[in-house]
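# Structural overview
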Amino acid sequence: MVARDSIRHRIQRLTVLTTGVALAIACLVFTLLQWRNSLDMERLATLSTGRIAADASSAMLAFGSKDEAQKLLDAFHTEVDVRSAALYDGSGGLFAEYRAPRSGPTPPVPQADGLYRERRGLVLFQPVLEGNKRYGTLYLHTDLSDSYQRLSRYGWMALLVFAGALAAAHMVGRILERTVSEPILSLAKTAQSISEERNYRVRAEETAGGELKFLTRAFNQMLDTIQQQQAQLDRDMAEQKEAARRLAESHTLLSTAMEAVPAAIWIAHDPECQTIIGNRASYDFLGLPPNTNPSLTAPESERPTSFEVLHEGRVLRPEDLPVQRAAHGAEVRDFEEELRFHDGTSRFLFGNASPLRDAHGKVWGAVAAFVDISERKRAEAALRQSEQRLRQAQEKLLLHAADLEATVAERTAKLRETVNELQTLSYSMAHDMRAPLRAMGTFAQLLLEESSGSGLSPTAHDYLRRILVAAGRLDRLIHDALNYNKAVLHAAPLAAVDLSRLLQELIDTYPNLHPEMADIRIRGDMPWVLGNESFLTQCFSNLLGNAVKFVPADTRPQVRIWAESRPREAGAHRPVQANSELSEDPPGDRPALRLDPQSTGSAFSGNMVRIWVQDNGIGIPEQAQGRLFGMFQKLDNKYEGTGIGLAIVRKVVERMGGSVGVESQPGHGSRFWVDLQRATIDPTI
Amino acid sequence: MNSRLLPVLAAEDEDSDRLILSLGFQRAGLRNPLVVVKDGQEAMEYLAGAGCYGDRETYPLPALLLLDLKMPRMSGFDVMAWVAARPEFRRIPLVVLSSSSDASDMERARQMGAAEYLVKPHAFSDLVNMIRNLEKRWLSTSETEE
């Protein structure tokens, strides 16, 4: 409430009171002075009246003329303020007396001369003198009613003046106090509005000059400052709020994450790890109720007793636990520990622990995170066990295998010896058969020559011829068999061979391939192949020989040869090469065959090339094509042959990492193909 | 005079082959005499002039040496090795006449100094042709050497 205590009222009260007091004092003093004046005048009047009356009465007393004296005294009735009068003779007896109505009795005897102030008014005892002779005393009693009337008039006037002055002072004060109170009130209002609405942007108006102006300015400056500080404060508050929100968020994140991870997390809040808190998983791991203190260095009453912690089979002292080590500043990495519970079960944990440091690097706690690797441990143990068993089984197996191998080696050695003996035997037999055969053939021939013209019968002549032919066939058979033997047994190092040259040399060498005997044409370019010169010769001499041999009678053989690129297919024949180490081995010692794609070196491009040999021969029935490349497969007895040629072809081609086949229809000729490895070396080198 | 012509020395262990070779030389009409010894050992003795071959008048150094490979006592390769170590025989051409058509044998013979490698033909006529070719190649100058 502004009203009572407001500065306006205070100022008004101040003005009125000050004025009132001043006026009251002035009026009082004035009235008192007036009163005194009035009393003095009354006294003078009484004295003068008494003297006059005493003078006049002296003769009457002297002469005892009472009537006269009474007349004199009665004259006082015009004087309203004379209440009574008396004359006393020289002996003090009453001589004459006057009393106004409603006045008291005169004193019976005069009192000492003088003027007295009495309650009823003034009392005068005036000696009556004539010369120096005293004749009596005059008594005069006047009241103060005039003075009272005057005093009353003054009093009323003073009161009027007082009231008027007060009213004027009040009016003036009202006008003046505005100049003082308005700015202050405005300030006060502003201050109140600020304090109520906390609006620091409002400013007090600068209305007055002087100190109030300074006050307003100071107030506004103060408001400026407050506003700035408030803004700063607001910003700080906002930042603090944001920080607090982030803190709360990260706290939520941390606690949610801690609860969510399937790993145990322990946080120690003091370097001695007296209190450790953990997440849900950690209590699950330890088999402890949530929110208990799992620290092994906790106060005795809180310390868990249901388990102990082991590392590599030894029980860890509390200070060697990862959390405790971390809480003393150590970084613990990849630590494995076993929780052994007193009910006999175990749990294996694996994890890390790190110290928690404050801004100055001082360790104030530690955090540890561990996962349960019990399953892994069990699996490892099981694995170790089965590995152990496997090892034992393997050892047994190895012993067994060693036995077996020894047996196999022994038997293989025997077998090889036998095979070698047989091969050598057959080779040398075949070889050695040729000499007697040659003798038979030669002597049969010579006998035929000797007997011409002599008397040998035609029958005997025919017999001799048959011997000659049979010997020749047997020699070819042996020759082919030996070649097949070579194809199987002999070392065949592979090298780049120019097929074009090889074929031309073949055609030049064999008379039955000469142009006058057969029309043999090579179409297009012949490639370089990775092969063995002797094997390739065997292969193509047989194919070309067959092509010109198996033709219908009276038909001029026509042979066409061409090459066709064949990208290497999956599952195709792998390059095969006879091991060069064995190239010096005697023939028939052992099969010199080894699969070794690497040893063909850079000469092999990885691509195959197919060589076609097409003839206009009698053709091959479909059902015979399958066994065409077998040993001793003679399809037609009309034609001279051993039935070994195509077997040799297949053998040598396979030993060069290739393959061979035929497409044919009886009566429409045959097309033989040979797939060989294409060589990539520069032919000019 | 035939006797003035230097002989051809052939080493051949097979009886029939020795006869066939002689007949072949006859049929080919070769004027150089043919001396056939039974094996490498004998061929070496002839060349060295050892034992009964001491007389160079009767047994002069041959104009051509024909060697079978497979022989008892001393093989054709043994003879070639022995000859190669003796510079005095460097001028005698050395021809292998074998029933082996092994590439390894051919290569080995070439390395050991054989001037030619011939596989014994089956037909007699082929042999005669072969001998004629030998004469053309190795014996045509033998007369001037006299």
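Since we're looking at a predicted model, the values are computed, not measured. (Residues numbered from 1 in each chain as written. Chains lettered and ligands numbered in written order. Predicted model: local features only at pLDDT ≥ 70, side-chain atom pairs only at ≥ 80, totals over all residues. Heavy atoms only, no water.)

### Description of the overall build of chain B
- A tally of helices and strands in chain B yields five helices and five strands.
- When the helices and strands of chain B are listed from N to C terminus, the series reads β-α-β-α-β-α-β-α-β-α.
- When the 146 residues of chain B are sorted by exposure, 48% land in the buried category.
- Considering only residue pairs separated by 6 or more positions, chain B has 65% of its internal contacts joining residues 24 or more positions apart.
- Summing over all exposed atoms, chain B offers an accessible surface of approximately 7,300 Å²; the carbon and sulfur share of this is 49%. (Helix = DSSP H or I, 4+ residues; strand = E, 2+ residues; numbered from the N terminus. Buried < 20%, exposed > 50% of the residue type's maximum accessible area, 1.4 Å probe, protein only. Contact = heavy atoms within 4.5 Å. Areas by Shrake-Rupley, 256 points an atom, 1.4 Å probe, with all protein chains shown as cover.)

### Remarks on helix α9 (residues 499-509) of chain A
Residue and element names in this part refer to chain A.
- Residues L499, L502, L503, L506 and I507 constitute the buried set of α9. For α9, the angular spread of buried residues about the axis comes to 135°, placing them on one side.
- The N-capping residue of α9, defined by a side-chain oxygen 3.1 Å from the backbone nitrogen of S500, is D498. (Arc of directions from axis to C-beta. Polar contact = N/O pair within 3.5 Å; in protein donor to acceptor, adjacent residues only side chain to side chain.)

### Quick notes on the packing of aromatic side chains
All names here are of chain A.
- This model, assessed by the stated rule, comprises 12 aromatic pairs over all chains.
- Arranged with centres 5.9 Å apart and planes meeting at 85°, the rings of F30 and Y154 form a pair that is edge-to-face. One end of the pair, F30, is in helix α1 (residues 7-62); the other, Y154, is in helix α3 (residues 145-197), and 124 residues separate them in sequence.
- We classify Y154 as partly exposed; its relative accessible area is 22%.
- Note on F307 and F341: the rings are 6.0 Å apart at their centroids and 65° apart in plane angle, and the pair reads as edge-to-face. Of this pair, F307 sits in strand β8 (residues 307-311) while F341 sits in strand β10 (residues 332-341), and the two are 34 residues apart along the sequence. The burial state of F307 is the same as that of F341; both residues are buried.
- Linked through ring pairs, Y116, F125 and Y139 together constitute an aromatic cluster.
- Directly above the ring of F350 sits R376, whose terminal nitrogen or CZ lies 5.8 Å from the centroid.
- Sitting over the face of the ring of W673, R610 holds its NZ or CZ atom 3.8 Å from the ring centroid. (Phe/Tyr/Trp six-rings, centres within 6.5 Å; stacked < 30°, edge-to-face > 60°. Lys NZ or Arg CZ within 6 Å of the ring centre and 35° of its normal.)

### Quick look at helix α5 (residues 124-139) of chain B
- Here α5(B) is 16 residues long and its end C-alpha atoms lie 21 Å apart, about the 22 Å a rise of 1.5 Å per residue gives.
- Within the span of α5(B), buried status applies to B:F124, B:L127, B:V128, B:M130, B:I131, B:L134 and B:L139. Taken down its axis, α5(B) places every buried residue within 160° of arc, on the same side.
- Next to the buried residues of α5(B) lie α7 (374-451) of chain A together with β1 (8-11), α1 (15-28), β3 (64-67), β4 (94-98) and β5 (116-119) of chain B. (Expected span 1.5 Å × (residues − 1).)

### With respect to a nonpolar patch on the surface
Residue and element names in this part refer to chain A.
- Residues L17, V21, I25, V29 and L33 make up a contiguous nonpolar surface patch of about 470 Å² in total accessible area.
- Along the chain, the position of V29 falls in helix α1.
- Taking relative accessible area as the criterion, V29 reaches 43% and is therefore assigned partly exposed. (Patch = residues over 30% accessible without salt bridge, like charges linked within 9 Å, V, L, I, M, F, W, Y side chains within 5 Å. Salt bridge = Lys/Arg side-chain N within 4 Å of Asp/Glu carboxyl O.)

### Observations concerning the packing of α7(A) against α1(B)
- Orientation of α7(A) relative to α1(B), taken along the N-to-C sense of each, is 40°, at an axis distance of 10 Å. Taken as axis vectors, α7(A) and α1(B) run oblique relative to one another. Relative to α1(B), α7(A) is oriented so that their crossing is left-handed. Facing α7(A), whose interface residues are A:A435, A:R438, A:A439, A:T442, A:F443, A:L446 and A:E449, α1(B) presents B:S16, B:D17, B:L19, B:I20, B:L23 and B:R27.
- Class assignment of the residues belonging to the contact of α7(A) with α1(B) gives a composition of seven nonpolar, two polar and four charged. (Axes fitted to C-alpha atoms, helices over the stretch in contact; angles between N-to-C directions. Parallel < 35°, antiparallel > 145°, perpendicular 65-115°, else oblique. Left-handed = near helix turned anticlockwise from the far one by under 90°. Nonpolar A, V, L, I, M, F, W, Y, C, P; charged D, E, K, R; others polar.)

### Quick notes on the environment of B:N133
- Relative to the elements of secondary structure, B:N133 occurs in helix α5.
- Along the primary structure B:N133 and B:A28 are separated by 105 residues, whereas in three dimensions their C-alpha atoms are 9.6 Å apart.

### So, the interface of chain A and chain B
- Taken together, the contacts link 19 residues of chain A with 16 residues of chain B.
- For the pair chain A and chain B, the summed buried area comes to about 1,500 Å², and 54% of that belongs to carbon and sulfur atoms.
- Area buried by chain A at its contact with chain B is led by A:H431, A:R438 and A:F443, which between them contribute 36% of it.
- Scanning the region where chain A abuts chain B turns up two salt bridges.
- Between A:E449 and B:R27 there is a salt bridge whose closest N-O contact spans 2.4 Å.
- Summed over the shared surface of chain A and chain B, the number is two residue pairs in polar contact (both at pLDDT 80 or more).
- Taken together, the elements giving at least two residues each to the side of chain A that touches chain B come down to α7 and α8 (458-489) of chain A.
- Tallying contributions element by element places α7(A) first for the side of chain A that touches chain B, with 13 residues. (Buried area = accessible area lost by both parts, 1.4 Å probe.)

### Concerning the nonpolar core
Residue and element names in this part refer to chain A.
- If you look at the biggest cluster of nonpolar residues, it comprises 46 residues, and the most contacted ones within it are L499, L536, F540, L543 and L676.
- Ignoring sequence-local partners within four residues, the contact set of L499 consists of M526, P527, V529, L536, F540, I611 and L676.
- Core analysis: the second largest hydrophobic core is formed by 26 residues, C273, L316, A353 and F370 among them. (Core = buried A, V, L, I, M, F, W, Y, C linked by side-chain atoms within 4.5 Å.)

### Let's talk about the pattern of salt bridges
All names here are of chain A.
- Under the definition given, this model contains 35 salt bridges over all chains.
- Residue R650 pairs with E654 through a salt bridge whose shortest N-O separation is 4.0 Å. Placement of the pair is R650 and E654 together in helix α12 (residues 645-655), with a separation of four residues, close to one helical turn.
- What makes R650 partly exposed here is its relative accessible area of 37%.

### Remarks on the sheet that holds strand β2 (residues 94-99) of chain A
Residues and elements named next belong to chain A.
- Sheet architecture is open: five strands sit in the order β2-β1-β5-β4-β3, paired in antiparallel fashion. In this open sheet, the two edge strands, each paired with only one partner strand, are β2 and β3 (114-118). Across the sheet, the mean angle from the axis of one strand to that of its neighbour is 15°, orientation sign disregarded.
- Note that strand β1 (residues 82-89) and β2 share five bridges and pair antiparallel. Each bridged residue has a counterpart across the sheet, and for Y88 the counterpart in β2 is L94.
- Set on the sheet, α1 makes contact with β1, β2, β3, β4 (121-130) and β5 (133-142); between it and β4 the angle comes to about 35°.
- Against the sheet, helix α2 (residues 66-74) makes contact with β1, β2 and β5, and its axis sits at roughly 25° relative to β2, the strand it touches most. (Pairing = 2+ DSSP bridges.)

### Quick word on unusual backbone geometry
All names here are of chain A.
- With a phi angle near 50°, D334 is a residue other than glycine that sits in the positive phi range.
- Within the secondary structure, D334 is located in strand β10.
- Backbone geometry at D554 places phi at a positive 65°, although glycine is not the residue there.
- Following the sequence through the fold, D554 ends up in the loop between α10 (533-549) and β16 (558-566).
- Look at D554 and you get exposed, because its relative accessible area is 85%.

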